[in-house]
Amino acid sequence: MSASVPHYLIIGGGITGLSAAFYLKKGLEAAGDSPFRISVVEKSLAFGGKIHTLERDGFVIEKGPDSFLARKRPIIDLAYDLGLEHELTGTNPKAKKTFIVSGRKLHPMPPGLVLGIPTQMTPFMKTGLISPLGKLRAAMDLLKPKRMMTEDESLGHFLQRRLGTEVLERIVEPLLAGIYAGDTFKLSLKSTFPQFRAMEQKHRSLILGMMASRKQVAEETAHLPAAIRSSVFVTFKRGLQSLVNSLLEALSTVDLRPGEGVVSVRKSKGHQVEVTFEDGHVEIVEGVIVTTPTYQAAKLLTELPASSVLANIDYISVANVIMAFNREDIPFELDASGFLVPKREGYTITACTLTSAKWLHAAPAGKVLLRCYIGRAGEQSWPAWSDQELIQKARHDIQDLLGIAAEPIFAEVTRLMHSMPQYPVGHLEQLVHFRKELQAAMPNVLVTGAGFHGVGLPDCIRQGKEAAEQLAERVSK
Ligand code: FAD
């Protein structure tokens, strides 16, 4: 290809980077027939970033994310774009129950909780999880006035003032820990759950707002194939890796360059960008989309003073221990999807998914797959433990809580260091400042990904697509 062909570089080959490449290619092709070149450069040897499906002895094992919210369009749209819609699958309707640990015992979650917020008051009032005083405090949400303020506040502070400390600590926090693994008093409400704030503003009460939003969810999932419409979470039958593999196939005319880490992104002549690689070579390109974690992006952009905004976003490290068992070693009905463990209970694991009960494709007949989660804000000493210690601690907890004493057939440990971004209070405002400075200095450089506006896979795909559209628009001027 001639040197004058415009070259666009995507840095980071996780789901954000691959989606950005896919939509950039689509956008540039739609804009005209002038030739272009796109490269996706990825520091590690594999594409997919946090997504990693392992197939072992007939099990489909997700070592990173395992599913996504069905109502979020970008990932469903991408599945259709890739011809993967027939691979979508919902959760087992016979394993809908979830439990939460309280007083070192499993208690059923009261029906009608959405993100931990009650939407049916009768089961909530009957649950043994919350004291009578705690329930009364939560019900005050129905009467309390809304707070008139525009500035951000922490998620924990918001939930505490609406529902009280007990509901926050015993139900909502452990549930949300699965998404952010964070300290709710440090997480930004506006960046994590802006819908909570909108509900307070519109309905005055969070509970009333959540009740109203249930109708909206039904409308949002109307577009889904009938087989998965009733499922809150959806995945792909052969694992999330099939999404990555299909993206890589669709990007066959793109230069996919694994094992190439970038060390700096600088302004070159005009709007061109100078990119320096770990091996010292330099490339001058027309446009760049950076999709690495923000602490990496900050290192690439050190010449930009506002990159300190990115450097200041904390990431929590988490691990998971996945264990396979023979069915006869599990001493209970497999009719639940798993359980959550609040911090105050003193266990090592923060949650456990009965993976093969929740996802029927995950294990062969007669076998059971369990996944235990470890690590959250304030519980970051686990990286010093060996894999064997992590397995032992997970086994201790499931023996205590589920009565499973058998030796697993095998165990897989995954360590995801600095993997869960913690959006600080004021995150959105700081990003506006960062983006303004970036655009003024290097208009053809976009920076996006899980550290910005949503950590879920659909949010990452949306952000990759938006960055691609912005870059295509900027370079066409
Ligand atoms: P990443 O996947 O981190 O990709 C960034 C890529 O950039 C990496 O491949 C990295 O190697 C590369 N890179 C870094 N530095 C450089 C450099 N200098 N040069 C070149 N390349 C570089 N979301 C859901 O929706 N559902 C779930 O069930 C779910 N579960 C999760 C479970 C865990 C344990 C974790 C950690 C996250 C989970 N998430 C889930 C969130 C979701 O998986 C992530 O937010 C998402 O995968 C992040 O994608 P990304 O492309 O933005 O970043």
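Given the structure is predicted, the values throughout are model-derived calculations rather than measurements.

Q: Quick question: what am I supposed to make of the overall build of the protein here?
A: Helix and strand counts for the protein come out as 16 helices and 22 strands. Here the C-alpha atoms of the protein give a radius of gyration of 23 Å, agreeing with the 23 Å that 2.2 N^0.38 yields for 477 residues. Based on the C-alpha atoms only, the size of the protein along its principal axes is roughly 70 × 55 × 45 Å. Considering only residue pairs separated by 6 or more positions, the protein has 74% of its internal contacts joining residues 24 or more positions apart. Carbon together with sulfur atoms contributes 55% to the accessible area of the protein, which is approximately 20600 Å² in total. A distance of 7 Å separates the average location of the 55 positive side-chain charges in the protein from that of its 50 negative side-chain charges.

Q: Looking at this structure, how should I read helix H9 (residues 206-220)?
A: Since the α-helix turns once every 3.6 residues, residues separated by three or four places project in the same direction. Taking 1.5 Å of rise per residue, 15 residues should cover 21 Å, and H9 covers 20 Å from first to last C-alpha, within 8% of that figure. Helix geometry: H9 is bent most strongly at Arg 214, by close to 25°. Within the span of H9, buried status applies to Leu 206, Ile 207, Gly 209, Met 210 and Ser 213. Summarising the contacts, the buried residues of H9 are in contact with strand E9 (113-114), strand E10 (117-118), helix H3 (121-126), helix H4 (132-139), helix H5 (155-163) and helix H8 (194-203). The residue sitting at the N-terminus of H9 and contributing the capping side-chain oxygen is Ser 205; that oxygen lies 3.2 Å from the backbone nitrogen of Ile 207.

Q: So what exactly am I meant to see when it comes to the pattern of salt bridges here?
A: Opposite charge on two side chains permits them to pair, given that their charged atoms come into close proximity. Applying the stated criterion to the full structure yields 27 salt bridges. Of the charged contacts in the structure, one is a salt bridge between Glu 278 and Lys 43, with a shortest N-O distance of 2.6 Å. Here Lys 43 lies in the loop between strand E2 (37-42) and strand E3 (53-56) and Glu 278 lies in the loop between strand E14 (273-277) and strand E15 (282-285), a separation of 235 residues in the sequence. We note a salt bridge from Arg 56 to Asp 57, for which the minimum N-O separation is 3.8 Å.

Q: I tried to follow the site of the ligand on my own but got confused; where do I start?
A: Close to the ligand lie 33 residues, the nearest being Thr 16, Glu 42, Lys 50, Ser 67 and Val 455. Take Ile 15: an N or O atom from its main chain is 3.1 Å from an oxygen atom of the ligand. About the coverage of the ligand: the protein hides 89% of its 1000 Å² of free accessible area. Counting only elements with at least two residues in the shell around the ligand, the list comes to helix H1 (15-31), E2, strand E21 (410-422) and helix H16 (457-476).

Q: Hey, could you run me through unusual backbone geometry in this one?
A: Most peptide bonds are trans, and most residues other than glycine sit at a negative phi. For Arg 104, which is not glycine, the phi dihedral falls at a positive 60°. Notably, Arg 204 is not glycine yet its phi reads approximately 70°, a positive angle. With respect to the secondary-structure elements, Arg 204 resides in the loop between H8 and H9.

Q: Looking at this structure, how should I read the sheet that holds strand E17 (residues 314-326)?
A: The pairing of strands in a sheet comes from backbone hydrogen bonds and takes either a parallel or an antiparallel form. Strands sit in the order E8-E7-E18-E19-E20-E17-E21 across an open sheet of 7 strands; the sheet is mixed. Two strands close off the open sheet at either side, each with one partner strand: strand E8 (105-108) and E21. Taken over all neighbouring pairs, the strand axes of this sheet differ in orientation by 20° on average, direction set aside. Strand direction decides the pairing type here: E17 and strand E20 (residues 367-374), joined by 8 bridges, are antiparallel. Bridging across to E20, Asn 320 finds its partner in Tyr 373.

Q: Before we go on, may I ask you to explain the pairing of E8 in this structure?
A: Consecutive side chains of a regular strand alternate in pointing toward one face of the sheet and then the other. Pairing geometry for strand E7 (residues 97-102) and E8, over 4 bridges, is antiparallel. The residue bridging Ile 100 from the neighbouring strand is His 107, located in E8.

Q: Honestly, the nonpolar core in this entry has me stumped. Any pointers?
A: Soluble globular proteins tend to bury their nonpolar side chains together. Counting residues in each nonpolar core, the largest one holds 42 residues, and the members touching the most others are Leu 24 and Leu 243. Listing elements by their share of this core, those giving two or more residues are strand E1 (7-11), H1, E2, helix H2 (73-81), strand E11 (233-236), helix H10 (241-250) and H16. Sorting elements by how many residues they give to this core places H1 first, with 8 residues.

Q: Is there a simple way to think about H5 in this case?
A: In terms of burial, H5 is a largely internal element, 7 of the 9 residues being buried. Those residues of H5 that sit buried are Leu 155, Gly 156, Phe 158, Leu 159, Arg 161, Arg 162 and Leu 163. For H5, the secondary structure elements touched by its buried residues are E10, H4, helix H6 (165-180), helix H7 (189-192), H8 and H9. At the C-terminal side of H5, Gly 164 shows a positive phi close to 95°.

Q: Would you mind going over the packing of H2 against H16 with me for this structure?
A: For any two helices packed against each other, the geometry is given by the interaxial angle and the distance between the axes. Two elements in contact, H2 and H16, have axes whose closest approach is 7 Å; the angle formed by their N-to-C orientations is 70°. Taken together, the axes of H2 and H16 lie roughly perpendicular to each other. Here Pro 74, Ile 75 and Leu 78 of H2 lie close against H16, whose contacting residues are Leu 457, Pro 458, Ile 461 and Arg 462. Here the residues of the contact of H2 with H16 are counted per class, giving 6 nonpolar, no polar and 1 charged.

The rules behind the values
- Residues numbered from 1 in each chain as written.
- Predicted model: local features only at pLDDT ≥ 70, side-chain atom pairs only at ≥ 80, totals over all residues.
- Heavy atoms only, no water.
- Helix = DSSP H or I, 4+ residues; strand = E, 2+ residues; numbered from the N terminus.
- Rg over C-alpha atoms; globule rule 2.2 N^0.38 Å.
- Contact = heavy atoms within 4.5 Å.
- Areas by Shrake-Rupley, 256 points an atom, 1.4 Å probe, with all protein chains shown as cover.
- Lys, Arg positive; Asp, Glu negative; His and termini not counted.
- Charge placed at Lys NZ, Arg CZ, Asp CG, Glu CD.
- Expected span 1.5 Å × (residues − 1).
- Bend = angle between axes of the 7 residues up to and from the residue.
- Buried < 20%, exposed > 50% of the residue type's maximum accessible area, 1.4 Å probe, protein only.
- Polar contact = N/O pair within 3.5 Å; in protein donor to acceptor, adjacent residues only side chain to side chain.
- Salt bridge = Lys/Arg side-chain N within 4 Å of Asp/Glu carboxyl O.
- Near = heavy atom within 4 Å.
- Pairing = 2+ DSSP bridges.
- Axes fitted to C-alpha atoms, helices over the stretch in contact; angles between N-to-C directions.
- Core = buried A, V, L, I, M, F, W, Y, C linked by side-chain atoms within 4.5 Å.
- Parallel < 35°, antiparallel > 145°, perpendicular 65-115°, else oblique.
- Nonpolar A, V, L, I, M, F, W, Y, C, P; charged D, E, K, R; others polar.

Take it as geometry only, folks, not as evidence of what the structure does.
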